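Descriptive structure summary
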Amino acid sequence: MESGHSGYTVGIARENTQAPGVGSTPEAHSTPGAGRFAPSPSGDFHLGNLRTYTLAWLFARSTGRRMLYRIEDIDQQRSHDSAALDQMEDLASFGMDWDGEPIKQSDRFPLYDDALHWLAEHGWVYECYCSRKDIREASRAPHVAPGMYPGTCRNLTDEQRHEQRAKLAEQGRKPAIRFNAHAAYEAVADNDPTANGSHTTPGLWTIHEDFATSGQQSESAPPSESTPSSVPNTYSGPVDDIVLHRGDGNWAYNLAVVVDDLTMGVDQITRGDDLLSSAPAQNFLATALHPWATHASATTSATPAVHPTRWRYNHVPLVVTKQEMKGHENTNRQLKRLAKRDGAVTVRELGHDTAWAWVAQSLGHSEYASAPELLQVIDLEAMSHEPVVWTPPQ
Ligand SMILES: [Zn+2]
């Protein structure tokens, strides 16, 4: 876990890592919030990553927001400093810039710890002793929504916890720590200054979704997890008892990303629509943590936390490939998200110009050679909401 000494000074270790114009002009700061790039440095960007990050940059810059850069390296086994640098070089080579120095999650474990302690002081965390198999089996019960934690360990007695902890210790395992969203719900929803009645259904949380549900629901998200709201530009989902700290000792993605977005002053999140169904639970956790973050961000960043009920989300369609599936010819069931195993699909394999040409064309503007040029002409509201199909060259 000791990573603070791994040695790269992000942004200055290589020349030309940052695009021209990094640290944008004062007039670009007219909106207080920020968007963010948040890649995991586990390898080269493929076309799907490049398209999503291009959109993240376009959405932020077209609304006068700052653009921040966060390296999501909590999974230190899969993260490589060289990949982080390559990713920054790739984005910069297409003219995408960002404000300030990139932030590394592996430098922020004390901050995650502080947030977890604050939640614990409120009685909003508990230990979970379940294995994946336990959760899978308990989730088959009819009252449990697909993908939701069934609540097995939420209300155990001290004695039961003692027993469960001992049982895990025999197997060399430790409990995970979960957010007690159910305990937090009333306190948080009642104090929500911007709710305006939008949280009137107990246990549901509503986010501002400006892309995926504005009129049409992207079909690349699994239908069972998708709950398009009847209110335009919103998306509702259940608050869930998400894992904050994992049994293997690692910080959970859901806690890290929420703490970071809060303390970095992010208020616009553009990412793949495979993450849409997890957004309400994340936003609810962020709302619960907001009082903590107003204090924490005062000491960790120059940017005040934006209240999470004002965050804007753009869950954009993934780049997909067609696979052979009997009985599903010409339906979306045939589509699966683009992955590196689909052949030469990374920016570096395809080459800078080929990769950009495909992304720009998929955004309806093949003639523009860089992200700043696209920014001048693109109409993001008119963009297609359908999954984008990558067809490998024959
Ligand atoms: Zn459990």
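Residue positions are counted from 1 within each chain, in the order its sequence is given. The model is predicted, so local features are restricted to residues of pLDDT at least 70 and side-chain atom pairs to those at 80 or more, both for listing and for counting; the totals for chains, interfaces and linings are taken over all residues.

Attention now goes to the overall build of the chain. Helix numbering and strand numbering both begin at the N terminus, where a helix is a DSSP run of H or I of at least 4 residues and a strand a DSSP run of E of at least 2. Helix and strand counts for the chain stand at 11 helices and 13 strands. Put simply, the chain has 394 residues, and 41% of those count as buried. For every residue pair, C-beta atoms are placed from the backbone, and the pair is scored as a contact if these atoms sit within 7 Å. Counted over contacts in the chain with a minimum sequence separation of 6, partners at least 24 positions apart contribute 80%. Three classes are used. A residue is buried when 20 or more other C-beta atoms lie within 10 Å of its own, exposed when 12 or fewer do, and partly exposed in between, with C-beta atoms placed from the backbone.

On to the sheet that holds strand 5 (residues 176-179). Two orientations exist for strands paired in a sheet by backbone hydrogen bonds: parallel and antiparallel. The criterion for strand pairing is that DSSP finds at least two bridges linking the strands in question. In spatial order, the strands read 4-5-8; together these 3 strands make up an open sheet with antiparallel pairing. Looking at strand neighbours, the two that pair on one side only are strand 4 (125-128) and strand 8 (243-245), the edges of this open sheet. Neighbour-to-neighbour, the strand axes of this sheet turn through a mean angle of 45 degrees, independent of strand direction. The pairing of strand 5 with strand 8 spans 2 bridges and is classified as antiparallel. When the sheet's bridge partners are listed, Arg178 is paired in strand 8 with Val243. Here an axis means a line fitted to C-alpha atoms, over the contact stretch when the element is a helix, while the angle between two N-to-C directions is reported on a 0 to 180 degree scale.

Further remarks concern the pairing of strand 6 (residues 204-209). It is a general feature of regular strands that their side chains alternate between the two faces of the sheet. With 5 bridges connecting them, strand 6 and strand 7 (residues 234-238) associate as antiparallel partners. Residue pairing in the sheet places Ile207 in a bridge with Tyr235 of strand 7. Direction of pairing for strand 6 relative to strand 10 (residues 312-316): parallel, over a ladder of 2 bridges. Bridging from a neighbouring strand, His208 pairs with Arg312 of strand 10.

In contact at an axis separation of 10 Å, helix 1 (residues 47-62) and helix 10 (residues 352-362) are set at 55 degrees when each is read in the N-to-C sense. Between helix 1 and helix 10, the crossing angle belongs to the class labelled oblique. In this structure, helix 1 crosses over helix 10, and the sense of that crossing is right-handed. Listed contacts from helix 10 to Leu47, Leu50, Arg51 and Thr54 of helix 1 are Ala355, Trp358, Val359 and Ser362. Polar here means any residue outside two lists: the nonpolar Ala, Val, Leu, Ile, Met, Phe, Trp, Tyr, Cys and Pro, and the charged Asp, Glu, Lys and Arg; Gly therefore counts as polar. Among the residues forming the contact of helix 1 with helix 10, the class breakdown is 5 nonpolar, 2 polar and 1 charged. Our angle categories are set so that under 35 degrees counts as roughly parallel, over 145 as roughly antiparallel, 65 to 115 as roughly perpendicular, and the remainder as oblique. Put simply, a crossing is left-handed when the front helix is turned counterclockwise from the back one by less than a right angle, and right-handed when it is turned clockwise.

Mapping Ala115 onto the fold places it in helix 3 (residues 109-121). Residue classification places Ala115 among the buried positions, given that 24 C-beta atoms sit within 10 Å. Along the sequence, Ala115 and Trp292 sit 177 residues apart, while their C-alpha atoms lie 7.0 Å from each other. Filtering out sequence-adjacent residues up to four positions away, Ala115 remains in contact with Leu255, Val259, Leu289 and Trp292.

Turning to the environment of Pro317, a few remarks are in order. With respect to the element layout, Pro317 can be found in the loop between strand 10 and strand 11 (319-322). Judged by C-beta crowding, with 26 C-beta atoms within 10 Å, Pro317 ranks as buried. The sequence separation of Pro317 and Asp274 amounts to 43 residues, and the corresponding C-alpha distance is 8.1 Å.

All right, on to the packing of helix 3 against helix 7 (residues 253-264) then. The geometry of a pair of packed helices is captured by two quantities: the angle between their axes and the separation between those axes. Running from N to C, helix 3 and helix 7 point in directions that differ by 100 degrees, and their axes come no closer than 10 Å. As the angle between them shows, helix 3 and helix 7 are arranged roughly perpendicular. Judged by residue contacts, Leu111, Tyr112, Ala115 and Leu116 of helix 3 engage Leu255, Ala256, Val259 and Thr263 from helix 7. Grouping the amino acids of the contact of helix 3 with helix 7 by side-chain chemistry returns 7 nonpolar, 1 polar and no charged.

Here we come to the sheet that holds strand 12 (residues 335-337). Here we have 3 strands laid out as an open sheet, ordered 12-11-13, and mixed in their pairing. Each of the sheet's edge strands pairs with one partner strand only, and the pair in question is strand 12 and strand 13 (388-389). Of the strand pairs in this sheet, strand 11 and strand 12 are connected by 3 bridges, and their pairing is antiparallel. Opposite Lys322, over in strand 12, you have Leu335 as the bridge partner.

What follows is about helix 5 (residues 158-170). Two residues of an α-helix separated by three or four positions point the same way, owing to the 3.6 residues in each turn. In a helix, the anticipated span is given by 1.5 Å times the number of residues less one. Here helix 5 spans 19 Å end to end across 13 residues, near enough to the 18 Å set by a 1.5 Å rise per residue. Across the 13 residues of helix 5, 0 count as buried, placing the element largely on the outside. Looking one or two residues beyond helix 5, the residue adopting positive phi is Gly172, at roughly 70 degrees.

As for its placement among the helices and strands, Leu350 is situated in helix 9 (residues 347-350). Leu350 gets classed as partly exposed once you count the C-beta atoms within 10 Å, which come to 19. With 304 residues separating them along the chain, Leu350 and His46 place their C-alpha atoms 9.1 Å apart. Not counting residues up to four positions away in its chain, the partners in contact with Leu350 are Ala344 and Ala355.

Nonpolar cores are identified as sets of buried Ala, Val, Leu, Ile, Met, Phe, Trp, Tyr and Cys residues joined via C-beta atoms within 7 Å. Among the nonpolar cores identified, the biggest contains 95 residues, and Leu47, Ala115, Leu255, Val259, Leu285 and Leu289 are the most heavily contacted of them. The contact partners of Val259, leaving out residues within four places of it in the chain, are Leu111, Tyr112, Ala115 and Leu289.

When pLDDT is averaged across the chain, the result is 83; 80% of the residues are at 70 or more. Confidence over residues 1-30 falls short of pLDDT 50; this stretch has 41 contacts with residues more than four positions distant or in other chains. Confidence drops under a pLDDT of 50 for residues 214-226, and excluding neighbours within four residues, the segment shows 30 contacts in the predicted structure. Scored from 0 to 100, pLDDT records how confident the predictor is in each individual residue.

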